[in-house]
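Structural characterization, general
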Amino acid sequence: MRLPATLTRIFAIASKERRQMVRDRLTIGMIVMLPLVQIMIFGYGINFDVRQIRTGVVDFANTSASRALITDLEASQVVQVVARPAGAAQLQELITAGEVSAGVYIPPDFERRRISEDRPLAQLLVDGGKPGLEGALRALGSMPVPARKSVAPATPVTFEVLTLYNPERRTAVQVVPPLIGVILNMTMVLFTAIALVRERERGNLELLIMTPLKPVELMIGKLLPYVGVGLIQTTVVLSVGVLLFDVPVNGHLLDLYAGALLFISATLSLGLVISTLAATQFQAMQLAFFTLLPSILLSGFAFPFDGMPRTVQLIAQVLPLTHFVDIVRGVVLRGAGLDQLLGPVAKLGVVLAVSVSLAVLRFRKRLA
């Protein structure tokens, strides 16, 4: 039975598209890898069950009961003691630098508090600029512990929870500062992901081949115009956050813009790597989108970074947004300087160096 002419033409076009798709190895890979990677990211990245929060402990009582209290706290698996500073000031510095997300302060009169039952045994300090942490730690405020010497009629408060940097617990304070990085990540990667591909498709790459440009010079030349665009976007988002959402800026703007400049360069270089991998603008946009969701979900922007599995945390280290979220929250909310945020700054610098090196190595001054 002969098919109608309309269906014959439709099937012919569909057959052509199928053959083109099969020849495109990158698209075939995306068909399989995109859902696989996304389900892994959503499964591990979206995590409301916060565990293993990095915590510092100051124990001025240093008694068997105070040590038992810390042991019970760790047994809850909500916190993980990673530092024992000498005093409250040092604990505050660790939180400000982002090395710990919470702190436990056990006062010298701990034993008297155990007897009186009218005051909390200790204090829990939590970084209120990170989402999810405050709620998880506040649940420990009246956790039952075997440290009390008597049982009062009313359930005593074990920990007094103090929310730092965001005492009103406003969502805008947690979300708006890292939104600078999210918006920059979306625009900067997409801009440069199609940069070299667009030159190739328009035939402009032939002109570049005729010039004495070196690959690294071309890469830097491609980055520079967008650096100014990124700084403008940083100013716009920060201004809106301050004026409309009343987000405090506790650190120096110079530190913020220096960190933003490093992040913009890293995201632009990541886009250039994508541009050297893609053969068409459509492929470049696919790969740019492929990096977007992991950056948002695994960077600690929307979900607690401490609650993610260790393997996922290691994977997130290759994403520039992971380190910029630490920088922007540290400067804007905690008032830290870049000298206190050397960890994320150094990691972001490594990502930048590796991305530029990969882009230069993959680029060839010839037509593909």
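Look a little higher up for the structure.
Notes on the structure in this doc start here. Remember, it's a predicted structure, so these values are computed and weren't measured experimentally.

Here we take up the overall build of the protein chain. On a plain count of helices and strands, the protein chain comes out with 15 helices and five strands. Here the protein chain holds 368 residues, and the buried ones make up 48% of them. Counting contacts in the protein chain only where the partners sit at least 6 residues apart, residues at least 24 apart contribute 79% of the total. Total accessible area on the protein chain is roughly 18,200 Å²; 65% of this is exposed by carbon and sulfur atoms.

Between its terminal C-alpha atoms helix α14 (residues 320-332) stretches 18 Å, which fits the 18 Å expected from 13 residues at 1.5 Å a residue. Buried residues dominate α14, accounting for 12 of its 13 residues. Pro320, Leu321, Thr322, His323, Phe324, Val325, Ile327, Val328, Arg329, Gly330, Val331 and Val332 are the residues of α14 that are buried. The inward-facing, buried residues of α14 contact α7 (171-193), α11 (253-277), α12 (281-298), α13 (310-316) and α15 (342-362).

Strands sit in the order β2-β1-β3-β4-β5 across an open sheet of five strands; the sheet is mixed. Each edge of the open sheet is held by one strand with a lone partner, namely β2 (79-83) and β5 (159-164). Averaged over all pairs of adjacent strands, the angle between their axes in this sheet comes to 30 degrees, without regard to strand direction. In this sheet, β5 lies alongside strand β4 (residues 122-127) in parallel orientation, the contact comprising six bridges. By the bridge assignment, Val126 is partnered in β5 with Thr163. Contacts between helix α3 (residues 64-75) and the sheet are confined to β1 (53-59), β2, β3 (102-106), β4 and β5, with β3 contributing the most and set at about 155 degrees to the helix. Packing against the sheet, helix α4 (residues 88-96) makes contact with β1, β2, β3, β4 and β5, and its axis sits at approximately 170 degrees to β3.

Note that Gly98 resides in the loop between α4 and β3. The exposure class assigned to Gly98 is buried, which follows from its relative accessible area of 18%. It is 8.9 Å that separates the C-alpha atoms of Gly98 and Arg329, two residues lying 231 residues apart in sequence.

Attention shifts here to the packing of aromatic side chains. All told, the structure shown has three aromatic pairs when counted by the stated rule. Between Phe60 and Tyr105 the ring centres are 5.7 Å apart and the planes differ by 85 degrees, which places this aromatic pair in the edge-to-face class. One end of the pair, Phe60, is in the loop between β1 and α3; the other, Tyr105, is in strand β3, and 45 residues separate them in sequence. On the basis of relative accessible area, Phe60 is assigned to the partly exposed category, the value being 39%.

What follows deals with a nonpolar patch on the surface. A surface patch of nonpolar side chains, about 820 Å² in accessible area, is lined by Ile232, Val236, Val240, Val242, Leu243, Leu244, Phe245, Val249 and Leu253. The leading source of residues in the nonpolar patch is helix α10 (residues 215-245), at seven residues.

Next up on the list: α11. Given 3.6 residues to a turn, an α-helix orients residues that are three or four positions apart in the same direction. For α11, which comprises 25 residues, the first-to-last C-alpha distance of 36 Å matches the rise-based estimate of 36 Å (1.5 Å per residue) to within 8%. Counting buried positions along α11 gives 18 out of 25 residues, so the element sits mostly inside the fold.

Conventions and cut-offs
- Chains are numbered independently. Their residues run from 1 in the order of the written sequence.
- The predicted nature of this model means local features are confined to residues of pLDDT at least 70 and side-chain atom pairs, given and counted, to a pLDDT of 80 or more, with totals for whole chains, interfaces and linings taken over all residues.
- Each side-chain value is derived from all of the structure's non-hydrogen atoms; neither hydrogens nor water enter the calculation.
- We count a stretch as a helix when DSSP gives it H or I for four or more residues in a row; a strand needs E for two or more, and each element gets its number in order from the N terminus.
- Remark: exposure states derive from per-residue accessible area (1.4 Å probe, protein chains only) relative to the maximum for the residue type, with buried under 20%, exposed over 50%, and partly exposed in between.
- By definition in these notes, contact holds between two residues if any of their heavy atoms fall within 4.5 Å.
- Only the protein chains shown count as covering a residue, and every accessible area follows the Shrake-Rupley method with a 1.4 Å probe.
- One less than the number of residues in a helix, times 1.5 Å, gives the span that helix is expected to have.
- Strand pairing requires that DSSP identify at least two bridges connecting the strands.
- Between the N-to-C directions of two axes lies an angle of 0 to 180 degrees, each axis being a line fitted to C-alpha atoms and, for a helix, fitted only over the stretch in contact.
- Stacked, tilted and edge-to-face are the three classes assigned to paired rings of Phe, Tyr and Trp, where Trp is represented by its six-membered ring and a pair needs centres within 6.5 Å; plane angles under 30 degrees give stacked, over 60 edge-to-face, the rest tilted.
- Patch criteria: residues need more than 30% relative accessible area and no salt bridge. Like-charged residues are merged within 9 Å; nonpolar side chains of Val, Leu, Ile, Met, Phe, Trp and Tyr are merged within 5 Å.
- Note on definitions: salt bridges are taken to be side-chain nitrogens of Lys or Arg within 4 Å of carboxyl oxygens of Asp or Glu.

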